[in-house]
Amino acid sequence: MSDRAVLAVEDLTVTIGTRRGPARAVAGVDWSVRAGETLALVGESGSGKSMSVLAATGLAPRSARVTGRVHLLGTELTGLPGEDRRRMRGRHVGFVFQDPMTSLNPVLTVGRQVTEAGEEHLGLTRRAARARAVELLDLVGIPSPAERVDAYPHQFSGGMRQRVVIAMALACEPDLLIADEPTTALDVTTQAQIVELVADLQRRLGTAVVWITHDLGVVAGIADTVAVMYAGRILEQGPVDAVFTNPSHPYTTALLAARPDPDGGGDELVTIQGSPPSPLDLPAGCAFWPRCPVRGAARCEHELPPLVPVAADHHVRTFYPHHTDGGVPT
Ligand SMILES: Nc1ncnc2c1ncn2[C@@H]1O[C@H](COP(=O)(O)OP(=O)(O)OP(=O)(O)O)[C@@H](O)[C@H]1O
Ligand SMILES: [Mg+2]
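In short, a report on the structure. (Residues numbered from 1 in each chain as written. Chains lettered and ligands numbered in written order. Predicted model: local features only at pLDDT ≥ 70, side-chain atom pairs only at ≥ 80, totals over all residues. Heavy atoms only, no water.)

What follows concerns the nonpolar core. Leu7, Trp31, Leu41, Leu176 and Val210 are the most contacted members of the largest nonpolar core, which totals 34 residues. Beyond its immediate sequence surroundings of up to four residues, Val210 is in contact with Trp31, Val33, Leu39, Leu41, Val53, Leu176, Leu177, Ile178 and Ala179. Membership of the second largest hydrophobic core comes to 33 residues, among which are Val149, Val164, Leu197 and Val198. (Core = buried A, V, L, I, M, F, W, Y, C linked by side-chain atoms within 4.5 Å. Buried < 20%, exposed > 50% of the residue type's maximum accessible area, 1.4 Å probe, protein only. Contact = heavy atoms within 4.5 Å.)

Following this line, the structure appears as structure tokens:
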């Protein structure tokens, strides 16, 4: 693992102009990921996971105002002209999204699609690109790749399509792979295969990975570090082992308790009461306060807790680290 961050964001804030006013999707987020390392972004729907990586890579919607600093392989992206940023992204970042069909063109063979990026960014001839497509399909575990290279997306199963998308994402040998809920649309067995495939490719290629997921089970298996997001902010972040064995924010504790039992065994799923606030109307204090099980923390309603260290590289945004349930110390 290298010390240099492949992607680092500092104080990243994204405010989206909507008809009902400005929506603050991401508010002052810091994280980084190094070569060969996986950062997991977790949190409920709407917490700003996707928007933070889209904004970091210059893909936020036009209506969004993005501030903060983003370094990709040491180059500051935020000040770059759009064309340079697009080139950096094309050369260094691969994307895998939830639904493979949004990334695939139904009327082109999978081989053409895998090679398209390679032709543009690596300057391959058509013939070399085709050979490379076969190689990449083989790499991601497509059986008989030399024949399947001429098939169309609809001739593949969902899991195989996601493998094709991963092959496309890897075509220009990216330093960073962004996987946004890549397994959510797949059955459990196929999910596990895709998770294992990415972990294996990462070991072999040394790619940095940002993996966005609701599934904390996946996080434990593949991530090195985790950032738990809520209403656009990070509430807890650190090495996966530290966060899982010593969750220090009530929200993390609640998310861990809400995890489905991997063995499908008897216990009821614990749900977190209530729902996150609207990004159009965020409170001045802690956005989790109305749902927080820690009672008596009146201060949190009006005052935003800072992100404080609880151990090496392990930070938590609360006035009361470790008091994850019960009362607040007086
Ligand atoms: N184009 C947009 N216009 C207005 N608001 C948006 C837009 N895209 C996202 N948002 C808002 O920004 C916030 C963060 O959205 P984001 O997509 O990052 O959430 P997420 O954590 O990825 O959620 P999910 O798990 O559902 O994918 C949400 O409140 C969302 O409604
Ligand atoms: Mg998302």
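Having seen the model, we can carry on.
The subject of this paragraph is the sheet that holds strand 3 (residues 38-42). Pairing is mixed in the open sheet, where 8 strands are placed in the order 6-7-8-3-9-10-12-11. Both outer strands of the open sheet, strand 6 (93-96) and strand 11 (307-311), are each paired with one neighbouring strand and no more. Averaged over all pairs of adjacent strands, the angle between strand axes in this sheet comes to 20 degrees, irrespective of strand direction. In terms of strand pairing, strand 3 meets strand 9 (residues 225-230) through 4 bridges, oriented parallel. (Pairing = 2+ DSSP bridges. Helix = DSSP H or I, 4+ residues; strand = E, 2+ residues; numbered from the N terminus. Axes fitted to C-alpha atoms, helices over the stretch in contact; angles between N-to-C directions.)

On the basis of which strands lie adjacent, the open sheet formed by 4 strands has the order 2-1-4-5 and antiparallel pairing. In the strand order of this sheet, the two ends are held by strand 2 (21-34) and strand 5 (75-76), each with one partner. As defined by bridge partners, strand 1 (residues 5-18) adjoins strand 2 across 10 bridges and the pair is classed as antiparallel. From the neighbouring strand, Ile16 faces strand 2, where its bridge partner is Ala23.

Here the focus is the packing of helix 7 (residues 158-170) against helix 8 (residues 188-205). Following both chains from N to C, one finds helix 7 and helix 8 inclined at 20 degrees, their axes separated by 10 Å at the closest point. Taken together, helix 7 and helix 8 sit at an angle that is classed as roughly parallel. Our pair here, helix 7 against helix 8, has a crossing hand that is right-handed. Residues Gly159, Gln162, Arg163, Ile166 and Leu170 of helix 7 pack against Thr190, Gln193, Ile194, Leu197, Val198, Leu201 and Leu205 of helix 8. Grouping the amino acids of the contact of helix 7 with helix 8 by side-chain chemistry returns 7 nonpolar, 4 polar and 1 charged. (Parallel < 35°, antiparallel > 145°, perpendicular 65-115°, else oblique. Left-handed = near helix turned anticlockwise from the far one by under 90°. Nonpolar A, V, L, I, M, F, W, Y, C, P; charged D, E, K, R; others polar.)

Tracing the backbone shows Gly111 in helix 4 (residues 110-122). Overall, the relative accessible area of 7% leaves Gly111 in the buried class. In contact with Gly111, other than residues within four places in its own chain, are Ala133 and Val149.

Across the 6 residues of strand 8 (residues 208-213), 6 count as buried, placing the element largely inside the fold. Of the two faces of strand 8, the one holding Ala208, Val210 and Ile212 and the one holding Val209, Trp211 and Thr213 are both buried throughout. Where strand 3 lies against strand 8, 5 bridges are found, and the strand directions are parallel. Note on strand 8: the bridge partner recorded for Leu41 is Ile212. Across 5 bridges, strand 7 (residues 176-180) lies against strand 8 in parallel orientation. Its bridge partner being in strand 8, Ala179 is matched across the sheet by Trp211. Considered for its hand, the β-α-β crossover made up of strand 7, helix 8 and strand 8 is right-handed. (Right-handed = clockwise from strand over helix to strand, strands pointing away.)

Moving on, we get to the site of ligand 1. Every one of the 15 residues lining ligand 1 counts as a neighbour, but Ser45, Gly46, Lys49, Ser50 and Met51 are closest to it. Separating an oxygen atom of ligand 1 from a backbone N or O atom of Ser47 is a distance of 3.1 Å. Burial of ligand 1 by the surrounding chains reaches 66%, relative to a free accessible area of 640 Å². Elements with a contribution of two residues or more to the shell around ligand 1: strand 1 and helix 1 (49-56). Across the shell around ligand 1, the residue classes tally to 5 nonpolar, 7 polar and 3 charged. (Near = heavy atom within 4 Å. Polar contact = N/O pair within 3.5 Å; in protein donor to acceptor, adjacent residues only side chain to side chain. Areas by Shrake-Rupley, 256 points an atom, 1.4 Å probe, with all protein chains shown as cover.)

Between its first and last C-alpha, helix 7 extends 18 Å over 13 residues, near the 18 Å set by a 1.5 Å rise per residue. The element helix 7 is largely enclosed, with a buried count of 10 among its 13 residues. The complete set of buried residues in helix 7 reads Gly159, Arg161, Gln162, Arg163, Val164, Val165, Ile166, Ala167, Ala169 and Leu170. (Expected span 1.5 Å × (residues − 1).)

Looking now at helix 1. Counting buried residues along helix 1, 7 of its 8 residues qualify, which places the element largely inside the surrounding structure. For helix 1, the set of buried residues is Lys49, Met51, Ser52, Val53, Leu54, Ala55 and Ala56. Phi turns positive one or two residues past the end of helix 1, at Gly58, with a value near 80 degrees.

Applying the stated criterion across every chain yields a total of 13 salt bridges. Glu173 is paired through a salt bridge with Arg132; the nearest N and O atoms lie 3.4 Å apart. Residue Glu173 is found in the loop between helix 7 and strand 7, and its partner Arg132 is found in helix 5 (residues 126-139); the two are separated by 41 residues along the sequence. Note on Glu173: relative accessible area 49%, which makes it partly exposed. Overall, Arg132 belongs to the buried group, its relative accessible area being 19%. In this structure, Arg203 engages Glu196 in a salt bridge whose closest nitrogen and oxygen atoms are separated by 3.2 Å. The class of Glu196 is partly exposed, set by a relative accessible area of 44%. What you see here is one network of salt bridges that share partners, running through Glu83, Asp84, Arg86 and Arg87. (Salt bridge = Lys/Arg side-chain N within 4 Å of Asp/Glu carboxyl O.)

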